[in-house]
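Working through the structure, step by step
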Amino acid sequence: MEVQVIGDSIHLSAYRSRIPQSVTNGKTTPAEYESDFFHLYGDTSPVVSCGPDIQSHYETLDAPPNSDFYANTEVCGRRKRFRPSLYQLYAKPEDDPQPPMYQETTPDGMEGESSEDEEQKEPLPEPTRFGWVHGVMIRCMLNIWGVILYLRLPWITAQAGIGLTWVIILLSSCITGITGLSTSAIATNGKVKGGGTYFLISRSLGPELGGSIGLIFAFANAVAVAMHTVGFAETVVDLMHENGAVMVNRINDIRIIGVITVTCLLGISMAGMAWESKAQVLFFLVIMVSFTSYIVGTIIPASPQKQAKGFFSYKADIFAKNFVPDWRGQEGSFFGMFSIFFPSATGILAGANISGDLKDPTVAIPRGTLMAIFWTTLSYLIISATIGSCVVRDASGLLNDTLSSSSSNKNCVGIACQYGWDFTDCINNDTCIFGISNYYQSMSMVSAFAPLITAGIFGATLSSALACLVSAPKVFQCLCKDKLYPLIGFFGKGYGKNDEALRSYLLAFIIAVCFILIAELNTIAPIISNFFLCSYCLINFSCFHASITNSPGWRPSFRFYNKWLSLLCAVCCLVIMFLLTWWAALIAFGVVLLLLGYTLYKRPAVNWGSSVQASSYNIALNQCISLNQVEDHVKNYRPQCLVLTGPPSSRPALVDLVSCFTKNLSLMMCGHVVTNDLSALVQSESHISWLKQRKVKSFYKHVVAADLRSGVNMLLQGSGLGRMRPNVLLMGFKTDWHSASPQAAHSYIGILQDAFDLQYGVCVLRTRERLDVSHPYQSYANPGFDGELQNMTTVHTSGLNNITSAVPNDPEAQLSRPTLFQKKQGKKTIDVYWLSDDGGLTLLLPYLLTRRKRWAKCKVRVFVGGDNSKNDERRQEVMTLIKKFRLGFHDVEVLPDLFQKPQPGNIHQFEKMMSSFKLDTNPKTESDSGSSRAQEEPWWITDQDLERNRAKSFRQIRLNEILQDYSREATLIVITMPVGRRGVCPSILYLAWLELLSRDLSSPVLLVRGNQENVLTFYCQ
């Protein structure tokens, strides 16, 4: 919104805000800081006030750069510093109530000076914060090393072979790696708070996509808790079965152990981040020991017991045999294996999800995430290669299945035959229970000490479950605090110094328990894959979108990313989602679109400077520039309206009428001229809010001017951008012109003349009820729009503290009070009096009204002038023309009595009306003085003016008589506005014509005059 000024008598310093504001965020400084505003500049050089008699060689209000000037939040332990306003830097000292000069002194100069206002706040206790190793890398590695690593990676290697397993691992790592780069770029583009992935996406793409993906990602993490817990429970149940211990059966045993486990994890997570962090370190050490035990076990020569289970140490033949795929079962396909493995690579956001608990998220997230991806990818490749080089796919586990020297190798099946073992029977009968294709605990079997692998499985599954159980509530809590969706705010409450989301923890626990009851790992994993892929898709798209908009605010300190790689990865994630499980992908996108639609409908009151806003600006700018390269064409003409509403809420009927034929069609701009009151500037945001609440698609612009006409002239010349600028001026009729000062009436007509000079079309609306619904003494209403403010109180003041103006009517009451143009019009008529050809604007506006639902049933009647002898011919001529215009008007009536003399009583009223504005001159003695007075005061009317314009005056009187005869029941009367020639028709006389034309009518009257250029055409080119 732009504020302009004209005239030497108007000083914008009177309209300045007395409360300092931040340039970056526009938030108002609290009032309690204002008195100490300039005492808070430097850390070591306090700034103190000097009296007018104290001068020094260095006096300035300027403050050195300080981070407090750019911060949005308060500073713990001390008072926040504020930058001086521009006015306080350049204004005269006597104009500013603040001390006029300030001098920098040393801290010694402040000795003995203290006040209660300068007492520093007690700093809050510092919560637990983590660095990049402890907070991100270890946490991400633990989350990546989950249940899939120990229990499914050997089986995936058997199904896909070592070669395709590496492809699956590297493809997953490429997706997570590029996503990690995109995450790093987004995380380093400003200060990151709590909320993790949701915070990054929502602050980049806005609340619409950010909110939907936040819910999905929090839900996916809660389900991932169930997946890792089920993996832990499977291991425990297998150990129990090996020792003959069974509680109920395998499925129910997994459920029981899973629920007990997740309950214990809930207790650890709710104890606080410090306890959770200590548990993660312990799990990490256990996994490292288990890896060591596994690597050592692959090197140790195989014992007969291990050989019976398929382990033969490193063999080139086994590596070659296991390098190619051997698909088995329903999941036996590349994408089936990919869907099961991919959740093991999805832990890369575990560190970002606790961004609020990191010391420096912009450093920790990129470094820790990328290092975690590198080390975990390397570990997956090593384990898949080593297990595939040491263990065959099928083995019986029976020591008797050896190949004797007397038996023949010809009937022996399998690579184990070369090493003295015959597993032919179990292979042919599909009864083998060992080997990497059948035995999920193959890593335990290979390990030098099996219990260490079991401990590693426990550590990996529990650490991943714990990380997800922490991530889900953190993300969901941030989403709840933003209040994007109803009914979830209850879960946003935090407790303790770390703001722990205890309620969100309980919700995540309930979701996890529900999925634990499924008790099938291979069923849960694909569901999570789609949700995580959807999250990764949007993260990469966020990075691409922020880069492609070229916003100056996109300045990530992490430079090692590529916007096209991010886009490619986003597309890959989208494609893979449907290749994995198409129905789960449809569900994920259905949920996203549903939540997106809700957010777009509700439009939450948040402004995060998203890339969507930057993109909207780019699109609008480029489209405006491209419009300038194309000449206007009559087929594309749209009435782009500048509406002189003053404050829009003061003339709702005028706003509603114009909105009827501009909404979703053309430009509408509400103009407001401020002449002598400050409150209008302060309330500009409320005017915009009023338009938004009324669902009127309009801009609002005010200007500061010495008088109304000057301000409107500024609006006429300065409004709009390129082709997107008004071409029609709309205003209310000045009903009090006969009782107001002649100067005000002359200024009113001057506005119409200025619009004609600038090639504007002009519309004037007159209703039976007054247009201005605000208080008649409301100080910021513009005099002259509809003329009911002649007793307006003028306020002269130089500051906001001295404002004494009446408060307008309640805006909520004005919103709830419908105007006549908001009601359904039913089967009434819109009467169009097309008496002069103005280019077609008189016909176009009624046509646009009938396109609206509330006006659609109205019948349009077109009235034209004509002779009695040629009525039919004239009607047919106009009907043919209207048909060519394709307006759909079928009722045309000819007015044969238009040129008859009006009734004597009406003529007498006109003459009486003009008598008070008539210049009484004696031609014998005062001809020269009268002429000079008429030039100096052009609103006066002479006898010559009346005589010269008598025919036109009588025509307006007669036309009003016709309107009362033909259009008493019309819902709206649209009539071509007469034009008074400058220098021939005085302004008061012209205003009298408009009065005569539109008076004593129960229906609203819209006087329309185009700029005499075509706005309708019957050609197709």
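It should be noted that the structure appears before, not after, this text.
Below you will find a few notes about this structure. (Residues numbered from 1 in each chain as written. Predicted model: local features only at pLDDT ≥ 70, side-chain atom pairs only at ≥ 80, totals over all residues. Heavy atoms only, no water.)

Attention now moves to the overall build of the chain. On a plain count of helices and strands, the chain comes out with 33 helices and 13 strands. Sorting the 1021 residues of the chain into buried and exposed places 54% on the buried side. (Helix = DSSP H or I, 4+ residues; strand = E, 2+ residues; numbered from the N terminus. Buried < 20%, exposed > 50% of the residue type's maximum accessible area, 1.4 Å probe, protein only.)

Attention shifts here to the packing of helix α5 (residues 196-205) against helix α6 (residues 207-242). Between α5 and α6, whose axes approach to 7 Å, the crossing angle comes to 165 degrees. It follows from the interaxial angle that α5 and α6 lie roughly antiparallel. The hand of the α5/α6 crossing is right-handed. Facing Thr197, Tyr198, Ile201, Ser202 and Leu205 of α5, the residues of α6 in contact are Pro207, Glu208, Leu209, Gly210, Gly211, Ile213, Gly214 and Phe217. Of the residues assigned to the contact of α5 with α6, the class counts are 7 nonpolar, 5 polar and 1 charged. (Axes fitted to C-alpha atoms, helices over the stretch in contact; angles between N-to-C directions. Parallel < 35°, antiparallel > 145°, perpendicular 65-115°, else oblique. Left-handed = near helix turned anticlockwise from the far one by under 90°. Contact = heavy atoms within 4.5 Å. Nonpolar A, V, L, I, M, F, W, Y, C, P; charged D, E, K, R; others polar.)

So, on to a positive patch on the surface. On the surface, Lys824, Lys827, Lys853 and Lys857 cluster together into a positively charged patch. Relative to the helices and strands, Lys857 is located in the loop between α27 (841-850) and β10 (859-865). (Patch = residues over 30% accessible without salt bridge, like charges linked within 9 Å, V, L, I, M, F, W, Y side chains within 5 Å. Areas by Shrake-Rupley, 256 points an atom, 1.4 Å probe, with all protein chains shown as cover. Salt bridge = Lys/Arg side-chain N within 4 Å of Asp/Glu carboxyl O. Lys, Arg positive; Asp, Glu negative; His and termini not counted. Charge placed at Lys NZ, Arg CZ, Asp CG, Glu CD.)

With 36 residues, α6 ought to run about 52 Å at 1.5 Å a step, and its terminal C-alpha atoms sit 52 Å apart, in line with that. The element α6 is largely enclosed, with a buried count of 30 among its 36 residues. (Expected span 1.5 Å × (residues − 1).)

Scanning the entire structure with this criterion turns up 33 aromatic pairs. Against the face of Tyr440 rests Arg152, its NZ or CZ located 3.7 Å from the ring centre. In this structure, Arg503 is placed above the aromatic ring of Phe490, and the distance from its NZ or CZ to the ring centre is 4.1 Å. (Phe/Tyr/Trp six-rings, centres within 6.5 Å; stacked < 30°, edge-to-face > 60°. Lys NZ or Arg CZ within 6 Å of the ring centre and 35° of its normal.)

Under the criterion given, the structure shown has 2 disulfides. Two residues, Cys412 and Cys417, share a disulfide whose sulfurs are 1.7 Å apart. Taking the torsion about the sulfur-sulfur bond, which here is approximately -85 degrees, the covalent link between Cys412 and Cys417 counts as left-handed. With a relative accessible area of 11%, Cys417 lands in the buried category. Cysteine pairing for the chain (bonded cysteines numbered in sequence order): 1-2, 3-4. Counting only cysteine sulfurs, Cys573 is the nearest neighbor of Cys537, a cysteine outside any disulfide, at a range of 5.8 Å. (Disulfide = S-S within 2.5 Å.)

Among the secondary structure elements, Thr298 is positioned in helix α8 (residues 273-299). A polar atom in the side chain of Thr298 sits 2.8 Å from the side chain of Tyr314. Residues contacting Thr298, with those up to four places away along its chain left out, are Phe311, Ser313, Tyr314, Cys390 and Val446. (Polar contact = N/O pair within 3.5 Å; in protein donor to acceptor, adjacent residues only side chain to side chain.)

Time to look at the packing of helix α18 (residues 563-580) against helix α19 (residues 582-602). With their axes 5 Å apart at the nearest point, α18 and α19 run at an angle of 130 degrees to one another. The orientation of α18 relative to α19 falls into the category oblique. On α19, the residues that touch Leu574, Met577, Phe578 and Leu580 of α18 are Trp582, Ala585, Leu586, Ala588 and Phe589. In terms of residue class, the contact of α18 with α19 is made up of 9 nonpolar, no polar and no charged.

The next subject is a nonpolar patch on the surface. On the surface, Ile295, Ile299, Tyr314, Met371, Phe374, Trp375, Leu378 and Ile382 cluster together into a nonpolar patch covering about 720 Å² of accessible area. Of all the secondary-structure elements, those providing two or more residues to the nonpolar patch are α8 and α12 (361-390). Among the secondary structure elements, Phe374 is positioned in helix α12.

Attention now goes to helix α24 (residues 708-718). Within the span of α24, buried status applies to Leu708, Gly711, Val712, Met714, Leu715 and Leu716. The distance from a side-chain oxygen at the start of α24 to the backbone nitrogen of Arg709 is 3.2 Å, and the residue carrying that oxygen is Asp707. Just downstream of α24 lies Gly720, where phi reads positive at about 90 degrees.

Our next topic: the pattern of salt bridges. Enumeration over the complete set of coordinates arrives at 22 salt bridges. In this structure, Asp632 and Arg723 form a salt bridge, with 3.4 Å as the shortest nitrogen-oxygen distance. Of the two residues, Asp632 sits in the loop between α20 (611-628) and β4 (641-644) while Arg723 sits in the loop between α24 and β7 (728-732), which places them 91 residues apart along the sequence. A salt bridge links Arg709 to Asp754; its shortest N-O distance comes to 2.9 Å. Residue Arg709 is found in helix α24, and its partner Asp754 is found in helix α25 (residues 742-757); the two are separated by 45 residues along the sequence. One connected set of salt bridges, linked through shared partners, spans Asp326, Arg328 and Asp394.

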